[in-house]
Amino acid sequence: MARLFALNRSVLKSHLQAGHASLCAALCVTALSAVLVQPASAQSNQSSGSGAMVKGLPDFTELVEQVGPSVVNIRTLEKAAVRDGQGNEPDPEMQEFFRRFFGVPMPTPNAPNAPRQQRPNRGQPDEQPRGVGSGFILSADGFVMTNAHVVDGADQVVVTLPDKREFKARIVGLDKRTDVAVVKIDAVGLPAVKIGDVNRLKVGEWVMAIGSPFGLDNTVTAGIVSAKQRDTGDYLSFIQTDVAINPGNSGGPLINMRGEVVGINSQIYSRSGGFMGISFAIPIDEAVRVSEQLRATGKVQRGRLGVQIDQVTKEVAESLGLSKAQGALVRGVEQGSPAEKAGIEPGDIILKFEGKVIEKSSDLPRMVGSIKPGTRSTIQVWRRGSLKDMPISVGEVEAEKPVKKAVAPEKPPAANVTKLLGLTLSEMTDAQKKELKLRGGVRVDAVAEPASRAGIQEGDVILSLANNETPNVQTFEAVVAKLDRSKPVSLLIRRGEWAQYTVIRPTR
């Protein structure tokens, strides 16, 4: 600014000497304006140094004009089976509300004074509204992406475009594990969305949603990304936002400020059934991978190992000699599964799959699920204080099977009482070993402190103590005799068909 005034002084002086008074006045006004209308960022930088500036609120109008034509409303119909006896038609939005957020059908209203409605019998079952949702155009030739729960079980799917054209849609395929579905309408030249890069998405970034909450088409809401890789216990991790999402928004797009779809709005966290400030979207990269398989074959193939897993707690990690709590604890191995054929055992800690570190147990099914069935892979486990690399042939995910309950055999006579751990133990019979498919172990007949405090129960089978296998009571007692009573010790126990670790503190 000082240089600007120095320049203006020299220019003014020359013009005054030449008698150009009006021009001098104009230059003075220009210089004064330059001071008064400095950009806010420049004034702030002068007052606060070189600190970064926070940008103002975004304008979503251009994004709505750009993406809005690609967002559709989806209505589903089903054949009427049983009416409420009063002729009352349930509201489709509330049906979807109860089904999605409470997990139960909407209760039938008690309306004894409601007028009865007579409907003509046409000899065919009537179709009635089942639910509402949203979707977006994936390709110009009529492929539309939405949530699986929006169209699952529907007898008819109706897609309404923003220009009010309606089409009966064909369900190409749906995947309940990821809650992704693809439907097809007979139309061409449609405005398809642009797919964004989820890896570029940052926490705190502005995002926008368009959908049909409670059937209100083309409703726009906005917020920020609250978290990424949010693990909700489902097959994949979610994008968490504070964008207002309500019943009917399901299946609609989550859009970044570049006008790209980065997720599919799928779930909310709620104690009331309505929006409470936390919503979840399926990352679009995962959704696209699923949609490609659905469009190609109508189903999704996923790899499987055949293990039941659990988290590795800090206490268990320390007791087993792991540097930190990571990996997936194998609680059970399915008979005839790829894991059993590879030699994986209950109690193993799976640390890596195909060279990728497993930070938490939920990482494992996602890694394995992305692998094509039949692929030869390598898995690394931690077993009794040492690392083991095992080759494994990835299987294919099948329909879930009910877990067979183990038949409790008669108790053999009690053998020994280990007062140090509060356990009454006995040898396992051959029939018990065969039933549980075990080579050995000691059976718990009674518990006292400190075993009861550690959660050990009568009927449990102890497979290892302090990283040492315990095939019989004699071996168990030998390990107990060497224990350091000042430190907690880990036990691997089998309960029914499941294995788990627990930590016990010996009495002194």
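Scope of this entry: the structure provided in the associated data block.

1. Comments concerning the overall build of the protein chain
Working step 1: The number of helices and strands found in the protein chain is 12 helices and 28 strands.
Working step 2: Counted over contacts in the protein chain with a minimum sequence separation of 6, partners at least 24 positions apart contribute 62%.
Working step 3: Counting only carbon and sulfur atoms, one obtains 52% of the accessible surface of the protein chain, whose full area is about 26900 Å².

2. As for a nonpolar patch on the surface
Working step 1: On the surface, a nonpolar cluster with roughly 310 Å² of combined accessible area is contributed by L57, W206 and M257.
Working step 2: As for its placement among the helices and strands, L57 is situated in the loop between α3 (40–48) and α4 (61–67).

3. Description of the packing of aromatic side chains
Working step 1: Inspection of every chain in the model, using the stated rule, returns two aromatic pairs.
Working step 2: Their ring planes at 65° and their centres at 5.9 Å tell us that F60 and W206 sit as a pair that is edge-to-face. Of this pair, F60 sits in the loop between α3 and α4 while W206 sits in strand β8 (residues 206–211), and the two are 146 residues apart along the sequence.
Working step 3: What makes F60 buried here is its relative accessible area of 17%.
Working step 4: What makes W206 partly exposed here is its relative accessible area of 31%.
Working step 5: Their ring planes at 70° and their centres at 6.1 Å tell us that F238 and F280 sit as a pair that is edge-to-face. Highlighted residues: F238 in strand β10 (residues 238–241) and F280 in strand β13 (residues 279–283), separated in sequence by 42 residues. Accessibility classification places F238 together with F280 in one group, the buried group.
Working step 6: When the ring centre of F143 is taken as reference, the NZ or CZ atom of K184 above it lies at 5.5 Å.

4. Re the environment of T502
Working step 1: Along the chain, the position of T502 falls in strand β28 (residues 498–504).
Working step 2: When the C-alpha positions of T502 and I456 are compared, they lie 7.9 Å apart, and in sequence the two are 46 residues distant.
Working step 3: Excluding its chain neighbours within four sequence positions, the residues that come into contact with T502 are A454, I456, V489, S490 and L491.

5. With respect to the pairing of β10
Working step 1: Across the two faces of β10 the burial is the same, with F238 and Q240 and I239 and T241 all buried.
Working step 2: Two elements, strand β9 (residues 219–230) and β10, share three bridges in a ladder whose sense is antiparallel. Paired with A227 across the strands is Q240, a residue of β10.

Parameters at a glance
- Residues numbered from 1 in each chain as written.
- Predicted model: local features only at pLDDT ≥ 70, side-chain atom pairs only at ≥ 80, totals over all residues.
- Heavy atoms only, no water.
- Helix = DSSP H or I, 4+ residues; strand = E, 2+ residues; numbered from the N terminus.
- Contact = heavy atoms within 4.5 Å.
- Areas by Shrake-Rupley, 256 points an atom, 1.4 Å probe, with all protein chains shown as cover.
- Patch = residues over 30% accessible without salt bridge, like charges linked within 9 Å, V, L, I, M, F, W, Y side chains within 5 Å.
- Salt bridge = Lys/Arg side-chain N within 4 Å of Asp/Glu carboxyl O.
- Phe/Tyr/Trp six-rings, centres within 6.5 Å; stacked < 30°, edge-to-face > 60°.
- Buried < 20%, exposed > 50% of the residue type's maximum accessible area, 1.4 Å probe, protein only.
- Lys NZ or Arg CZ within 6 Å of the ring centre and 35° of its normal.
- Pairing = 2+ DSSP bridges.

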